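Here is what each chain is made of, one letter per residue.
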Amino acid sequence: MSGGVDVLPTVRALLGPDGCAVVDPVEAAARMAWSTVVEPGDAVAGVLVQGLGAERSLALVHAAGDDGTRMLLESCGDAGLPGTESPRAFARALDEALRRWSPRLDRSDVQGVAAAARAVGARLLVPGHPGWPVSVDDLGPHAPVVLWARSGRRATAAALAVVGSRANTVAGAEAAAEITSAAADAGCTVVSGGAYGIDATAHRVAVAAGVPTVAVLAGGIDQLYPVGNTDLLRDVARQGALLAESPPGTRPSRWRFLARNRLIAALGAATVVVEAGARSGALNTAHHAGQLGRPVFAVPGAFSSAASVGCHRLVAEGRAQIVVRPGDPVDAVVGHGSAAGVGGEPGVGEPLRSGREDPGVLRVLDALGRRASGEQELAVRSGMSLGEVADALALAELQGLVAQTVGGWARA
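Below or above, wherever it landed, is the structure these notes cover. (Residues numbered from 1 in each chain as written. Predicted model: local features only at pLDDT ≥ 70, side-chain atom pairs only at ≥ 80, totals over all residues. Heavy atoms only, no water.)

Focus: helix 4 (residues 54-67)
Which entries qualify depends on this criterion: Only DSSP runs of H or I reaching four residues or more are called helices, and only runs of E reaching two or more are called strands; each is numbered from the N terminus. To estimate the expected span of a helix, count its residues, drop one, and scale the result by 1.5 Å. Throughout, exposure labels follow a simple rule: accessible area from a 1.4 Å probe, protein chains only, divided by the maximum for the residue type, with under 20% read as buried, over 50% as exposed, and the rest as partly exposed. The directions considered for the arc are those from the helix axis to the C-beta atoms. In what follows, residue pairs with any heavy atoms lying within 4.5 Å of each other are defined as contacts.
With 14 residues, helix 4 should reach 20 Å at 1.5 Å per residue; the first-to-last C-alpha distance of 20 Å fits that figure. Among the residues making up helix 4, those that are buried are Ala-54, Ser-57, Leu-58, Leu-60, Val-61 and Ala-64. Down the axis, helix 4 shows its buried residues gathered within 160° of arc, on one side only. More than 90 degrees from the buried face of helix 4, the exposed residues found are Asp-66 and Asp-67. On the buried face of helix 4, the contacting elements are helix 2 (25-37), helix 3 (43-52), helix 5 (70-79) and helix 6 (87-105). The first or second residue beyond helix 4 is Gly-68, which carries a positive phi of 90°.

What follows is the structure, given as structure tokens:
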């Protein structure tokens, strides 16, 4: 893996005492080697590593480069790996993967990766390590082979992913801040991508509130990107964690930004999209969350706002719930709702009132006594015209405040 150099002492140091107690350093080293060969989310690599083990699968892949794929295919079939029930299709997928991996196979430098990680104080996380976020296992074969972490505080189990536009509006920033503040009050970890805009707002509010926050990087753990958020990302590392799956030294790229979105979705028990344009990467995160069966929320905005087009589409297509109050996404994470919202806002079970508290509705409700009344009588009592009474009653009926009976209108 690294020119005959014994990397196990370095790997043990990266795992730490708690990791070494439960993780095989040889397997961890093999996973590190795999991470230098494949791009994030490579499903074929995921199937091999999960089904055969990192060390064995890597050895078989190296052998396949010299002697062909027969032994590798037989091993996969004997282990009953997913996909081997269709041998021809599996063999084609494996051949394509080997061509994809071959340029990097002989250049894997675990020792160099380890040195770069240690230079920034990063830890190595693999499945079974106490610091491994088990929620990413829900990604199946697309789960990360390894994770690199720079952290000062372990995240809590309950996490909310907050994502959105880089070019946010003032209203979007205010919404993100309120939602993050509600998450902080509930003791939730806030997960985002460390980007400009909504991501940065969520991280800043979490840092100010003193709760853990996690930023998932699109490059290596030593690549604090964007540069303008370097100080913020360092604050995140001190108070929560920076996570990356690509080896140290890997530069962020458009593909890796899209790939890291699946990790943000997997880390959050729910995802809220605050603002998203028609082609926003935040929609990609929402898509991954939906595929994982996680609740997805979207914050509505002005219909004329380009920054809200993506959120409106999510709601219109039934892929996201609309955020009525800041605590809605938090309730989905912590698993309970309340009869009254933050600041005395109506709860789910309380009848909706007009956003303007329509004065006509109020006058009609005041005019209604204990007995049902006709529209003519209500007009006399309220001092409104028949047309105004009819309009007010229609609005009140839609809101569940009144009902039409045989004897006329009555309170619901």
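Observations regarding the packing of helix 1 (residues 8-20) against helix 7 (residues 110-119)
Helix packing geometry: the angle between the two helix axes and the distance between the axes. Formally: Orientation is described by axes fitted as lines to C-alpha atoms, over the contacting stretch for helices, and by angles from 0 to 180 degrees between their N-to-C directions. Left-handed describes a crossing in which the near helix is turned anticlockwise from the far one by less than a right angle; the clockwise case is right-handed. Nonpolar residues are Ala, Val, Leu, Ile, Met, Phe, Trp, Tyr, Cys and Pro. Charged residues are Asp, Glu, Lys and Arg, and all others, Gly as well, are polar.
One can describe the packing of helix 1 onto helix 7 by two numbers: an axis separation of 10 Å at closest approach and a directional angle of 35°. In this structure, helix 1 crosses over helix 7, and the sense of that crossing is left-handed. Across the interface between the two elements, Thr-10, Ala-13 and Leu-14 of helix 1 pack against Gln-111, Ala-114, Ala-117 and Arg-118 of helix 7. By residue class, the composition of the contact of helix 1 with helix 7 is four nonpolar, two polar and one charged.

Digging into the packing of helix 3 against helix 6
Inclusion rule: In what follows, roughly perpendicular refers to angles from 65 to 115 degrees, roughly parallel to angles under 35, roughly antiparallel to angles over 145, and oblique to any angle outside these ranges.
Helix 6 packs onto helix 3 with a crossing angle of 105° between their chain directions and a minimal axis gap of 10 Å. On the basis of their axis angle, the class for helix 3 and helix 6 is roughly perpendicular. Across the interface between the two elements, Val-44, Ala-45 and Leu-48 of helix 3 pack against Ala-93, Leu-94, Ala-97, Arg-100 and Trp-101 of helix 6. When its residues are assigned to classes, the contact of helix 3 with helix 6 shows seven nonpolar, no polar and one charged.

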